[in-house]
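Inside the fold
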Amino acid sequence: MRTFLILSTLFLITITKLSACTCAEENNSFRKKVKTEFLSSDVIFTGTVLSRKEVSNTSRKVFGSPVMFTFKISEMIKGKLQHAQIEILTNSDGASCGYDFEVEKTYLVYSRQSDYYTHVTKSKSDLTTGLCTRNQKLKDTRKKELRILSNMARSGK
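Residues numbered from 1 in each chain as written. Predicted model: local features only at pLDDT ≥ 70, side-chain atom pairs only at ≥ 80, totals over all residues. Heavy atoms only, no water.

1. Some words on the overall build of the protein chain
What the protein chain contains, in helices and strands, is four helices and six strands. Tracing the protein chain from N to C terminus, the helices and strands come up as α-α-β-β-β-β-α-β-β-α. Across the 157 residues of the protein chain, 34% fall into the buried class. Of the roughly 10100 Å² that the protein chain leaves accessible, carbon and sulfur atoms contribute 53%. (Helix = DSSP H or I, 4+ residues; strand = E, 2+ residues; numbered from the N terminus. Buried < 20%, exposed > 50% of the residue type's maximum accessible area, 1.4 Å probe, protein only. Areas by Shrake-Rupley, 256 points an atom, 1.4 Å probe, with all protein chains shown as cover.)

2. Considering the state of the cysteines
Linking two cysteines covalently via their sulfur atoms produces the bond known as a disulfide. Following the criterion strictly, the structure yields two disulfides and no others. Between Cys21 and Cys97 runs a disulfide, and the two sulfur atoms are separated by 1.9 Å. Taking the sign of the S-S torsion, about 100° here, the bridge from Cys21 to Cys97 comes out right-handed. Note that Cys21 is positioned in the loop between α1 (2–19) and α2 (30–40) and Cys97 in the loop between β3 (85–91) and β4 (106–114), a separation of 76 residues in sequence. Paired through a disulfide, Cys23 and Cys132 show a sulfur-sulfur distance of 2.0 Å. Between Cys23 and Cys132 the disulfide shows an S-S torsion of about -80°. By sign, it is left-handed. Here Cys23, found in the loop between α1 and α2, pairs with Cys132, found in the loop between β5 (126–128) and β6 (136–137); they are 109 residues apart in sequence, far enough to count as distant. Overall, Cys23 belongs to the partly exposed group, its relative accessible area being 34%. Residue classification places Cys132 among the partly exposed positions, given a relative accessible area of 39%. (Disulfide = S-S within 2.5 Å.)

Structure below.
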């Protein structure tokens, strides 16, 4: 019985490590990290979370359930402002690299166009984000990061 418990525990630890999200952290300067994320993002904005909606996932294509967050945009840093609100998709939990935004909190959000959830949303593409981007509560964002983003957006780089 003791051997069974030990083996079961080791098995669960192994599965947890295999399915957990791992973000590759490069040893770059702060400025370089911000610039890299700017260049790999299609849309960057600051905004307040208005709602959180679980999106049903009957397909096995994605690990975890997708969640749609609706934001009221405060400032569009990169991308075109189509509406005063924007919808962002992510996975429902951190183990599957999802970012859990809190309703009524304001964030700096980095997102990309993707077809990852289109089988669920029936869209051509969606704006997606995750745990490994530089998303953060706006109150915790360094002014230097906002300055770098603003300068890059103005210069078109």
